[in-house]
Amino acid sequence: MHTTMRLHCINDNVPQQTVALLRAAAAARGIEFIEYHAPAFDYRPERVLGAGELLYRPAVSLAAQRVEQFLYAPGVASFYAHDAAVLQHCSNPLLAFQRAGLPVPRHFHCHSADRELLRDWAERLGGFPLIVKFAGFSGGKGVLRADSLPALFSLVDFALTTGKVPMLMSYVDEAEHWRVVVIGQQAAVAYRNPLDVDDFRSYGSVAADDFTTAVDADMAELAVDAVATLGLEFGGVDILRHASGRLYLLEANFPCYHPHAEEHGGIPVSGMMLDYLCDKARRLQGIAPREAPAPWHASRGPLRRGDCGQRLGDAPELYVLDDFVTGDELQQLRTLLDDAAWLRAQSSQFKADFTGESCELPVAAHPLVGALATRAQSLLGLDNHMGQTLRYRRYRGGEHHPLHSDDYRVGGLRLVATAILYLNDAGPGGETHFPQAQPAAVSVTPRAGRLACWLSVTGEGAQDAAALHESLALQAGEKITLTQFFYLPG
Ligand SMILES: O=C(O)CCC(=O)C(=O)O
Ligand SMILES: [Fe+2]
């Protein structure tokens, strides 16, 4: 009984990236993607889902919650830990955490501007500064800081007059701010959020080094417990680690903006979420767990058959194919990639150093980019479990890429193959050079429309030393490339 799995995704003004990443992860797994626009939902009774369907609501609106509650039925695989949880909404998560014995900062819901009460609470919360927090905002927008009684009095007066009830909270100084993304009973990724200059609030890190899948055990346990306390199996948990090592739980957000770790940390969170839901659907239906996927090297695709263009040498498995794109396509791609403003608008990860300027270009950025990605996947006969972007790179005179292997592991996936498309005739210099190729070193000259592809991992799963490569220094002009890195489970 292996029918196609379907992911039902409830949208209502969700950032486009969230849906794009879920859609791409579903496509990579052969899961059908069904999107609902919550405000226009028709509530026909026959829409209620059957057992084995996958359900996720990335939207936060009330309309979206209602649709989710309507669609849900026992046997549906969602991030709710049990059937009742989908109908429950906890209005005071901090209290729930506290009652569950989890460490939270001292706090108090402030319904009164009574001066004596506020003085008393300021003292109980450890004195100033204090955090004054308003629910319903994100990105630190609802979090204020009061440094004195006059500040607190005036702020609380204003808030209550405008119909907002703040929560007062102790201020944890000298703390690292962390976001931990929990999937199921695992902390899938954590990232440290630096403090903004001259601010007490942190912002989502964009430095790849700040992201880790090896989450500290105490923080992982706290994050998983927080999510479970709310009856959930997915969430973005905010935790402070005080200089003393002590942890404070601030929030567990569901849904949470998961593309952040995917875009900036390269962690395939969408795929991990879908794998979790698929496993859960099987469990709920009593179907045997997913078999471990066949190892990528058992693939019978063209790359494994030696059928991807002209083979260069014996090792690594390296091929070159000219005219991978038509002249028209080349022209279109050049127009897109020469438009610096367009490029910057597509990707938040713009880098510039001695390896040229580069960014992760979403395949959703333009139909032609998506078509190229799919075309390379069929040429190589490989799926890509992290195929949501192509890496754009532009070298200028003097720039190069030092010797390295592309073999790289992240979140249960391994980068096994690379396909690089050259978009112009570059040189002198700029060749992709494989100094340890057998029987002799190989250089691929960048030519407009040429694709070079290779495996970085041997059939036995070892890193292939012959696949070490570099981009030789470009002596003049530019070298423009779009590269797909193929990630497969393993
Ligand atoms: O630009 C090239 O020729 C090689 C680039 C490369 O190796 C990489 O981006 O991993
Ligand atoms: Fe590389």
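Residues numbered from 1 in each chain as written. Chains lettered and ligands numbered in written order. Predicted model: local features only at pLDDT ≥ 70, side-chain atom pairs only at ≥ 80, totals over all residues. Heavy atoms only, no water.

In the annotation of an unreviewed UniProt entry, the chain is listed under the name ATP-grasp domain-containing protein and assigned to Viridibacterium curvum.

A. Fine view of the UniProt feature "domain: ATP-grasp" (unreviewed entry) in the chain. The feature "domain: ATP-grasp" (unreviewed entry), as annotated in UniProt, sits at residues 94-278 in this numbering. Secondary structure across residues 94-278 divides into 32% helix and 27% strand, with the first and last C-alpha atoms of the span separated by 31 Å. (UniProt positions renumbered as here; feature names shortened; annotations may be inferred. Helix = DSSP H or I, 4+ residues; strand = E, 2+ residues; numbered from the N terminus.)

B. Region of the structure containing the coordination of the iron ion (ligand 2). The protein atoms that coordinate the iron ion (ligand 2) are His404 (NE2), Asp406 (OD) and His469 (NE2), at distances spanning 2.1 to 2.2 Å. All donors of the iron ion (ligand 2) belong to a single chain; written as a sequence motif, their spacing is H-x1-D-x62-H. In this pair, Asp406 sits in the loop between strand S18 (401-404) and strand S19 (409-410) while His469 sits in strand S24 (residues 469-471), placing the two residues 63 residues apart along the sequence. In this structure Asp406 comes out as buried when scored by relative accessible area, which is 8%. (Donors = N, O, S within 2.8 Å, 3.2 Å for Na, K, Ca; no water. Buried < 20%, exposed > 50% of the residue type's maximum accessible area, 1.4 Å probe, protein only.)

C. Region of the structure containing the sheet that holds strand S12 (residues 247-253). Across the sheet, five strands lie side by side as S10-S9-S8-S11-S12; this open sheet has antiparallel pairing. Only two strands of the sheet have a single neighbouring strand rather than two, namely strand S10 (211-212) and S12. Looking at chain direction, strand S9 (residues 186-193) and S10 are connected through two bridges and run antiparallel. Pairing of Ala190 across the sheet is with Thr212, part of S10. In this fold helix H6 (residues 217-229) packs onto strand S8 (175-183), S9, strand S11 (234-242) and S12, with an angle of close to 135° to the strand it touches most, S11. Sheet strands in contact with helix H8 (residues 269-285) are S8, S9 and S11, and its direction is about 40° off that of S8. (Pairing = 2+ DSSP bridges. Contact = heavy atoms within 4.5 Å. Axes fitted to C-alpha atoms, helices over the stretch in contact; angles between N-to-C directions.)

D. Up close: empty space enclosed by the protein. For the structure on display, the rule yields one cavity of 30 Å³ or more. Reported here for the largest cavity is a volume of approximately 70 Å³. Within the residue set of the lining of the largest cavity, elements represented by two or more residues are helix H12 (367-380), strand S20 (413-422) and strand S25 (478-489). A per-class count over the lining of the largest cavity returns nine nonpolar, two polar and no charged. (1 Å grid on protein atoms, 1.4 Å probe; cavity = no way out; pocket = protein on both sides within 12 Å on 5 of 7 lines; lining within 4 Å. Points joined across faces, edges and corners; volume = space filled by probe spheres on them. Nonpolar A, V, L, I, M, F, W, Y, C, P; charged D, E, K, R; others polar.)

E. Here's a closer look at H6. End to end, H6 covers 18 Å across 13 residues, agreeing with the expected 18 Å (1.5 Å per residue, within 8%). Among the residues making up H6, those that are buried are Met219, Ala220, Leu222, Ala223, Val224, Ala226 and Val227. Contact partners of the buried residues in H6: helix H3 (93-99), S8, S9, S11 and S12. Positive backbone phi, at 75°, marks Gly231, one or two positions downstream of H6. (Expected span 1.5 Å × (residues − 1).)

F. Region of the structure containing the environment of Leu382. Mapped onto the secondary structure, Leu382 falls in the loop between H12 and strand S17 (389-396). Along the chain, Leu382 and Leu488 lie 106 residues apart, while their C-alpha atoms are 8.4 Å from each other.

G. Looking closely at the domain arrangement of the chain. Split by domain assignment, the chain resolves into domain 1 (6-77), domain 2 (106-170) and domain 3 (296-489). Distance between the C-alpha centres of domain 1 and domain 2: 37 Å. (Domains from an automatic or database assignment.)

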